[in-house]
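So you can see what is in the structure, the chains are spelled out below.
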Number of protein chains: 2
Amino acid sequence: MSVTAPAGFRAAGVVAGLKSTGAKDVALVVNEGPLDVAAAVLTSNRVHAAPVAWTRQAVSDGIARAVVLNSGGANACTGPEGFADTHRTAEHVADLLEISAGDVLVCSTGLIGLRLPMDALLAGIGEAAAATAGPGGAEGGPDAAQAIMTTDTVPKTTHVTRTATTGGSLDGGAEWSVGGMAKGAGMLAPGLATMLCVLTTDAVVDAATADAALRAATRVTFDRVDSDGCMSTNDTVILLASGASGVPVGLAELTDAVTEACAELSRALVADAEGASHDVAVHVVNASSEDAAVAVARAVTRSNLFKAAVFGNDPNWGRVLSAVGTVPVDVAPFDALALDVSINGVQVCRAGGVGEDRDLVDLAAQREVHVEVDLHAGDARATVWTNDLTHDYVHENSAYSS
Amino acid sequence: MSVTAPAGFRAAGVVAGLKSTGAKDVALVVNEGPLDVAAAVLTSNRVHAAPVAWTRQAVSDGIARAVVLNSGGANACTGPEGFADTHRTAEHVADLLEISAGDVLVCSTGLIGLRLPMDALLAGIGEAAAATAGPGGAEGGPDAAQAIMTTDTVPKTTHVTRTATTGGSLDGGAEWSVGGMAKGAGMLAPGLATMLCVLTTDAVVDAATADAALRAATRVTFDRVDSDGCMSTNDTVILLASGASGVPVGLAELTDAVTEACAELSRALVADAEGASHDVAVHVVNASSEDAAVAVARAVTRSNLFKAAVFGNDPNWGRVLSAVGTVPVDVAPFDALALDVSINGVQVCRAGGVGEDRDLVDLAAQREVHVEVDLHAGDARATVWTNDLTHDYVHENSAYSS
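Residues numbered from 1 in each chain as written. Chains lettered and ligands numbered in written order. Predicted model: local features only at pLDDT ≥ 70, side-chain atom pairs only at ≥ 80, totals over all residues. Heavy atoms only, no water.

A.B. asks: Where do I start with the interface of chain B and chain A in this structure?
C.D. replies: How big an interface is tends to be reported as the loss of accessible area on association of its parts. Residue-level contacts link 53 residues of chain B with 53 residues of chain A. For the pairing of chain B and chain A, the buried interface totals around 3900 Å² over both sides, and the portion due to carbon and sulfur atoms is 59%. In this assembly, chain B and chain A are joined by zero salt bridges. At the boundary of chain B and chain A, one finds 12 residue pairs in polar contact (both at pLDDT 80 or more). Among the secondary structure elements, those contributing two or more residues to the side of chain B that touches chain A are α8 (304-311), α9 (317-324), β13 (353-354) and α10 (391-399) of chain B. Here the residues of the side of chain B that touches chain A are counted per class, giving 25 nonpolar, 23 polar and five charged. (Contact = heavy atoms within 4.5 Å. Buried area = accessible area lost by both parts, 1.4 Å probe. Salt bridge = Lys/Arg side-chain N within 4 Å of Asp/Glu carboxyl O. Polar contact = N/O pair within 3.5 Å; in protein donor to acceptor, adjacent residues only side chain to side chain. Helix = DSSP H or I, 4+ residues; strand = E, 2+ residues; numbered from the N terminus. Nonpolar A, V, L, I, M, F, W, Y, C, P; charged D, E, K, R; others polar.)

Put into structure tokens, the structure is as follows:
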């Protein structure tokens, strides 16, 4: 599992002292090649952190050899000094690995508006570089996954394996894979979330293919989890390709595997969202277009009233309908008097009015809730995941920085 | 105070038994003229309640003689039967008042997806009609304001008086006024909210003036309070003009007075929002346009993370900036590195980075919180009010229908 599962990668996670808890807080992922292909999808928030600005520039040539990540501080809203800190971080990694600083991507997560303690960070990076080069470096993925956790209660990792399908029968049986780690509990929103994700693959691909596959995958996975509607300053998803499997992989195959990895990680983020007691899938079916389906699903996943009702195990379909009705007609054409809503398979709303008895829905029985909204307006569909709105969410997010 | 403060109106609020608590739940407001001018602004939610559909049609000629309102049931998502119930309600009022059903506006508030108990409602209307015609009818405004409450803890009323400025010196000293009542605690959102509001005036105005004044007033008042981002199926603001003062009033004057009345009522809604412990004013200044200022303010008032931080008395300006950054550049041009944020007068963020010490901000000292975001991008400004996100909000909204 994690980023060292595919061939060609080494990683480490160490304690640098950025977190007051004494937990691991600096991670390093090194691509040993032979390829040095990289792609990244970054937050669309105009107020973005220094490491996001750095990484956007550094990855623009499709090349990276390492990713350094820290928890315990977002390095966001820290001005030119904060950018200098990120630059210095990348330079330090580059010196230790004897590569170019422009081939080092940087990610940070934690509180906004605080400078990073650079002495501690640089010392931690030294330790992480030594660990990746050491005997445990090839199995360092799980440590790295721990080091990027903030309010996460469990590390999130994935490993998706594939058998080569191209190159004729002689290649049959050759394996390649995608590994990955992610952090981010709560604060998940479209345009990514307060989440960091590093994916690795030993497939032989070029930078354009990696970029296209990553964008296609995040569009239908990370961009469709939305715990609380908030978009972070630091969201980053990175894909590194080492080519170490020797297996050439096409765009469709790579997209499929990366999507599977992203889906597993994004689902894990929802399952570990801050203070949540339910994972809620809003499925919109029979929409006029996929965009329309996503817009309607997002309106429901953004409704605090609906989310609070789910916390109370209340199948309040009126709040679903009320949220659906806020979507403008040019975005999603539908007839309000044709809408059906099912909650966990019980059609509580039929043709915009009362359907089956809502008491047939038992939301207390399981963590997962499935809401299906049938627009009767076409044949497109989409699913967006969210969480309920709980006492614990309010508590964690009112106490986080104090 | 309330709707019977201006001359020419009678009102009542009675117990019809729609609320399980035994509180007043049916209100009637009657315009005795000489004018029968009416205007209404209704929810833009495509899933709207039967009374909204009725009132939109009934008011389209600019004429109404009465408004009947019930709490204890929204009559939303109740299908053709629900619309028939609204129709029957209007017919009953019309019969009792010997007017046309098309001159009766209807409002309902309460749970979605339940039919109204029509026998109880019609009996209550009979009682309310008798009360308005009785000796107390001219002072029935406060009772009507009580009868439309749902989770409100206090009735909301207003009375704005003006001295005639037109018609020459002979008219000097003649008074006219705007009275009003509103309900709606929580669930306030743009495009109105789960709120009902009836305004009355004894000014002499025509229907076009009443409509224009009401739209101008709600745009900068009710449309700029946003407790939890949710838009209701039933929101309605009605203005009735009796002309009983005999004072002709122009558009600017009427707009000014109606805006003052709406501002007072909308501010009262925020102050009584479900479970809130803070009222938060987000002031956006130096924006490129008023629309840009509103968009940025709304992004902040929609941030659950920021709202939870306010509940925790945490002046978390990073969450303000993070919300501001989600507004697209074509909606609100600004330089993220130029943003200043002040909270209760302390400039905690300067030029997109750390400003004054956040510990100088004491959010626990008072209920009102003032956040100012300076975009340095023009000279337009706007304010949107919201509430914090609290344990009690979650509790009330998870338990509301159970």
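Moving on from the coordinates now.
A.B. asks: Please clarify how the environment of alanine 377 of chain A should be interpreted in this entry.
C.D. replies: Residues and elements named next belong to chain A. Within the secondary structure, alanine 377 sits in the loop between β14 (368-374) and β15 (380-387). Measuring from C-alpha to C-alpha, the distance between alanine 377 and valine 3 comes to 43 Å, with 374 residues separating the pair along the chain. The residues touching alanine 377, leaving out its near neighbours within four places in the chain, are Asn286, Ala287, Ser288, Pro333 and Phe334.

A.B. asks: So what exactly am I meant to see when it comes to the confidence of the model for chain A here?
C.D. replies: Low-confidence regions, as indicated by low pLDDT, have predicted coordinates that should not be scrutinised in detail. With 95% of its residues at a pLDDT of 70 or more, chain A has an overall mean of 92. Between residues 187-193 of chain A, whose pLDDT stays under 50, and residues either more than four places distant or in other chains, the model counts 43 contacts. (pLDDT = per-residue confidence, 0-100.)

A.B. asks: Could you clarify how one ought to interpret the pattern of salt bridges in this entry?
C.D. replies: A side chain with one charge may pair with a side chain of the opposite charge, provided their charged atoms come close. All names here are of chain A. The full count for this structure, using the stated rule, is 26 salt bridges over all chains. With a shortest N-O distance of 2.8 Å, arginine 162 and aspartate 256 are connected by a salt bridge. Of this pair, arginine 162 sits in strand β6 (residues 156-163) while aspartate 256 is found in helix α6 (residues 251-271), placing the two residues 94 residues apart along the sequence. Residue classification places aspartate 256 among the partly exposed residues on the basis of a relative accessible area of 43%. Among the salt bridges present, the one from arginine 162 reaches glutamate 260, with a minimum N-O distance of 2.8 Å. With arginine 162 in strand β6 and glutamate 260 in helix α6, the pair connects residues that are 98 residues apart, well separated along the chain. Taken together, the salt bridges that share partners define one network made up of Arg267, Asp279, Arg367 and Glu368. (Buried < 20%, exposed > 50% of the residue type's maximum accessible area, 1.4 Å probe, protein only.)

A.B. asks: I'm lost on empty space enclosed by the protein in this one. Help?
C.D. replies: For the structure on display, the rule yields two cavities of 30 Å³ or more. Lining of the largest cavity is provided by Asn304 of chain A together with Ser227, Asp228, Glu274, Ala276, Lys307, Asn387, Asp388, Leu389 and Tyr393 of chain B. Of the residues in the lining of the largest cavity, the class split is three nonpolar, three polar and four charged. In this structure, the second largest cavity occupies an estimated 40 Å³ of space. Lining the second largest cavity, in full, are Leu42, Pro51, Val52, Thr55, Val106, Cys107, Ser108, Leu196, Asn234 and Thr236 of chain B. Mapped by element, the contributors of at least two residues to the lining of the second largest cavity are α1 (50-58) and β5 (104-108) of chain B. Counted by class, the lining of the second largest cavity contains six nonpolar, four polar and no charged residues. (1 Å grid on protein atoms, 1.4 Å probe; cavity = no way out; pocket = protein on both sides within 12 Å on 5 of 7 lines; lining within 4 Å. Points joined across faces, edges and corners; volume = space filled by probe spheres on them.)

A.B. asks: Mind showing me how you'd approach the relation of the copies chain B and chain A here?
C.D. replies: The relation between the two chain copies is a rotation about an axis coupled with a shift along that axis. When chain B is fitted to chain A, the residual RMSD is 0.0 Å, and the transformation amounts to a turn of 180 degrees plus an axial shift of 0.0 Å. Classification of the inter-copy transformation places it as that of a two-fold axis. Scanning chain B for the C-alpha nearest the rotation axis identifies histidine 391 of chain B, at a separation of 2.6 Å. When you check the interface residues of chain B against chain A, 100% turn up at the interface there too, and the contact is symmetric in its surfaces. (Least-squares fit on C-alpha atoms with pLDDT ≥ 70 in both.)

A.B. asks: Would you mind showing me how to read the packing of aromatic side chains here?
C.D. replies: Each aromatic ring pair is summarised here by two numbers: the centre-to-centre distance and the angle between the ring planes. A complete count under the given rule lists two aromatic pairs over all chains for this structure. Note on tryptophan 54 of chain A and phenylalanine 83 of chain A: the rings are 6.2 Å apart at their centroids and 50 degrees apart in plane angle, and the pair reads as tilted. Residue tryptophan 54 of chain A is found in helix α1 (residues 50-58), and its partner phenylalanine 83 of chain A is found in helix α2 (residues 79-97); the two are separated by 29 residues along the sequence. Among the residues examined, phenylalanine 83 of chain A registers a relative accessible area of 33% and is labelled partly exposed. The residue whose ring lies beneath arginine 46 of chain B is phenylalanine 334 of chain A, and the NZ or CZ to ring-centre distance is 3.7 Å. Positioned over the ring face of tryptophan 385 of chain B is arginine 267 of chain B, at 3.8 Å from the centre of the ring. (Phe/Tyr/Trp six-rings, centres within 6.5 Å; stacked < 30°, edge-to-face > 60°. Lys NZ or Arg CZ within 6 Å of the ring centre and 35° of its normal.)

A.B. asks: How should I be thinking about the pairing of strand β12 (residues 346-350) of chain B in this particular structure?
C.D. replies: All names here are of chain B. Bridging between strand β11 (residues 340-343) and β12 involves two bridges; their strand directions are antiparallel. Each bridged residue has a counterpart across the sheet, and for valine 341 the counterpart in β12 is cysteine 349. Hairpin connection from β11 to β12: two residues lie between these consecutive antiparallel strands, with asparagine 344 at a positive phi of about 45 degrees. Across two bridges, the pairing between β12 and β13 is antiparallel. Bridge pairing links arginine 350 to glycine 353 in β13. Counted along the chain from β12 to the antiparallel partner β13, the turn is two residues long, and its residue alanine 351 has a positive phi close to 50 degrees. (Pairing = 2+ DSSP bridges.)

A.B. asks: Looking at this structure, how should I read α2 of chain A?
C.D. replies: Structural remark: α-helix, 3.6 residues per turn; residues separated by three or four positions point the same way. Residue and element names in this part refer to chain A. Here α2 is 19 residues long and its end C-alpha atoms lie 28 Å apart, about the 27 Å a rise of 1.5 Å per residue gives. Residues of α2 that are buried include every one of Gly82, Asp85, Thr86, Thr89, Ala90, Val93 and Ala94, and no others. In the core, the buried residues of α2 are packed alongside β2 (26-31), α1, β4 (66-70), β5 (104-108) and α3 (118-133). In the segment just after α2, glutamate 98 is the residue with positive phi, at about 55 degrees. (Expected span 1.5 Å × (residues − 1).)

A.B. asks: Is there a simple way to think about the domain arrangement of chain A in this case?
C.D. replies: All names here are of chain A. Domain parsing of chain A yields domain 1 (9-271) and domain 2 (279-399). Using C-alpha coordinates to define each centre, domain 1 is positioned 33 Å away from domain 2. Tallying the contact residues gives 14 residues for domain 1 and 17 residues for domain 2. A combined buried area of about 1300 Å² lies between domain 1 and domain 2, and 37% of that area is made up of carbon and sulfur atoms. Looking only at domain 1, the three residues that lose the most surface to domain 2 are Arg224, Asp226 and Arg267, adding up to 45% of its buried area. Counting every contact that joins domain 1 to domain 2 gives four salt bridges. One salt bridge connects glutamate 290 with arginine 224, and the closest N-O pair in it is separated by 2.5 Å. Where domain 1 touches domain 2, the interface holds eight residue pairs in polar contact (both at pLDDT 80 or more). Ranked by residues supplied to the side of domain 1 that touches domain 2, first place goes to α6 with three residues. (Domains from an automatic or database assignment.)

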